[in-house]
Amino acid sequence: MIQVGTTLEEQIFYIDRAMLKAYADASGDQNPIHQNEEFAVSVGLPNVIAHGMLTMALVGKFVTDWAGGSAAVKEFSGRFVKPVIVPANQRVDLTVSALVTEVVGDRITIDLKATSAGVKVLGMSKAVVVK
Amino acid sequence: MLNPDSVGRTFAGAESVTVSQSEIDAFCAVISEGDTTVAPPTFSIRITLEQSQEILSNPEIGLDWSRVVHGDQRFEIKRPIVAGDTFKCSSTIESYKVAAGNEIVTVRSDLHSLAELVVSTWSTLVVRA
């Protein structure tokens, strides 16, 4: 039974440089801050960072897995609070959790949160799904 | 600086874009989505990013894209995107303010398939000082 206050089971995704390259090609966002460490550092970043929209695509996968498919999602939003830092030859976590905040008929609103290395990276995130 | 006269105006993308199955497949592969019959909820960024970037880089608007950081993002999805959809993109600069030297711009992009509005997206972009 889905009701307000229901928590969704936490899920962990892993992000590495190969995924950033694949996402750059799939999304068309070839900004070098997501692939080139030297460039990222030259513009004041600590290292290569993940595309905010990759973070959101993975959180979206969390939502669609729970909701029963991509077609179930009606609204989806989020704020990129901090970057996901992706050092070379490492995989970093993206840990996603969620809480049901509204149920109106078959429309369910969930509040989402994502962290990486213990730091909140996606906040103010909501999805509305039909389930 | 962004030209203040552009706030509230809607700019149409030059060309229509047709979504291919291979584009949906590639996007799904990154996030290990097995069902490729419809596009994942954030797929539309593939179309709107490029189109709005082209629109906002227009000299009469004057956004300096090289200093843009993505602040937040919202999608309203009327129906899922499928392969074969052909879209026209229009972008509206909904709000603009300057805070601590940073420019904060909210851009709404609508994807229409003929007369049907399929997806609306809102992107808040921060142009760093």
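Everything discussed here concerns the structure shown above.
For the structure given in this document, a descriptive report is provided here. It should be emphasised that the depicted structure is a prediction, and the values quoted were computed from it without experimental measurement.

Counting secondary structure elements, chain B contains two helices and six strands. The order of helices and strands in chain B, counted from the N terminus, is β-β-α-α-β-β-β-β. Computed over its C-alpha atoms, the radius of gyration of chain B comes to 15 Å, within 12% of the 14 Å expected for a compact globule of 129 residues. Considered along the principal axes of its C-alpha atoms, chain B spans approximately 45 × 30 × 20 Å. Among the 129 residues that make up chain B, the fraction classed as buried is 37%. Taking as baseline every contact in chain B between residues at least 6 positions apart, the subset at least 24 positions apart corresponds to 71%.

Per the secondary structure count, chain A includes three helices and five strands. Put simply, chain A runs from its N terminus to its C terminus through helices and strands in the order β-α-α-α-β-β-β-β. With respect to the principal axes defined by its C-alpha atoms, chain A has extents near 50 × 30 × 20 Å. By the burial criterion, 40% of the 131 residues in chain A qualify as buried. The contacts in chain A between residues at least 6 apart in sequence include a share of 60% that link residues at least 24 apart.

Contacts between the two partners involve 28 residues from chain A, matched on the other side by 25 residues from chain B. Taken together, the residues of the side of chain A that touches chain B break down into 13 nonpolar, nine polar and six charged. Relative to strand 3 (residues 68-77) of chain B, strand 2 (residues 73-80) of chain A runs antiparallel, the two sharing five bridges. Bridge assignment links Ser77 of chain A to a residue of strand 3 of chain B, and that residue is Arg74 of chain B.

Now for helix 1 (residues 21-30) of chain B. Residues Glu23, Ile24, Phe27, Cys28 and Val30 of chain B constitute the buried set of helix 1 of chain B. Seen end-on, helix 1 of chain B carries its buried residues on one side only, within an arc spanning 160°. Tucked inside the fold, the buried residues of helix 1 of chain B contact helix 1 (17-27) and helix 3 (52-67) of chain A together with helix 2 (45-56) of chain B. Just downstream of helix 1 of chain B lies Ser32 of chain B, where phi reads positive at about 55°.

In this section: the nonpolar core. With 55 residues, the main nonpolar core has Leu58, Val59, Val63, Val73, Val96, Ala127 and Val129 of chain A as its most contacted residues. Ranked by residues supplied to this core, first place goes to helix 3 of chain A with nine residues. With residues near it in sequence (within four places) discarded, Val59 of chain A still touches Gly78, Val96, Leu112, Ala114, Leu122 and Ser125 of chain A. Ile55, Leu56, Leu63 and Val105 of chain B belong to the second largest nonpolar core, which has eight residues in total.

To continue, consider helix 1 of chain A. All names here are of chain A. Listing the buried residues of helix 1 in full gives Leu20, Tyr23, Ala26 and Ser27. Projected down its long axis, helix 1 carries its buried residues within an arc of 130°, all on one side. Positive backbone phi, approximately 85°, marks Gly28, located one or two places after helix 1.

This paragraph deals with the environment of Lys21 of chain A. Residues and elements named next belong to chain A. Secondary-structure assignment places Lys21 in helix 1. Since 14 C-beta atoms lie within 10 Å of it, Lys21 is described here as partly exposed. The sequence separation of Lys21 and His34 amounts to 13 residues, and the corresponding C-alpha distance is 7.9 Å.

Running from amino to carboxyl end, helix 1 of chain A crosses helix 1 of chain B at an angle of 155°, the nearest separation of the two axes being 9 Å. Here helix 1 of chain B runs roughly antiparallel to helix 1 of chain A, going by the angle between their axes. Relative to helix 1 of chain B, helix 1 of chain A is oriented so that their crossing is left-handed. For the pair helix 1 of chain A and helix 1 of chain B, contact is made by Met19, Ala22, Tyr23, Asp25 and Ala26 of chain A and by Ala26, Phe27, Ala29 and Val30 of chain B, respectively. When its residues are assigned to classes, the contact of helix 1 of chain A with helix 1 of chain B shows eight nonpolar, no polar and one charged.

To continue, consider the environment of Pro46 of chain A. Residues and elements named next belong to chain A. Tracing the sequence through the fold places Pro46 in the loop between helix 2 (37-42) and helix 3. For Pro46, a count of 10 C-beta atoms within 10 Å translates into the label exposed. With 37 residues separating them along the chain, Pro46 and Pro83 place their C-alpha atoms 9.8 Å apart.

Scoring rules and cut-offs
- Residues numbered from 1 in each chain as written.
- Chains lettered and ligands numbered in written order.
- Predicted model: local features only at pLDDT ≥ 70, side-chain atom pairs only at ≥ 80, totals over all residues.
- Helix = DSSP H or I, 4+ residues; strand = E, 2+ residues; numbered from the N terminus.
- Rg over C-alpha atoms; globule rule 2.2 N^0.38 Å.
- Buried ≥ 20, exposed ≤ 12 C-beta atoms within 10 Å, placed from the backbone.
- Contact = placed C-beta atoms within 7 Å.
- Nonpolar A, V, L, I, M, F, W, Y, C, P; charged D, E, K, R; others polar.
- Pairing = 2+ DSSP bridges.
- Arc of directions from axis to C-beta.
- Core = buried A, V, L, I, M, F, W, Y, C linked by C-beta atoms within 7 Å.
- Axes fitted to C-alpha atoms, helices over the stretch in contact; angles between N-to-C directions.
- Parallel < 35°, antiparallel > 145°, perpendicular 65-115°, else oblique.
- Left-handed = near helix turned anticlockwise from the far one by under 90°.

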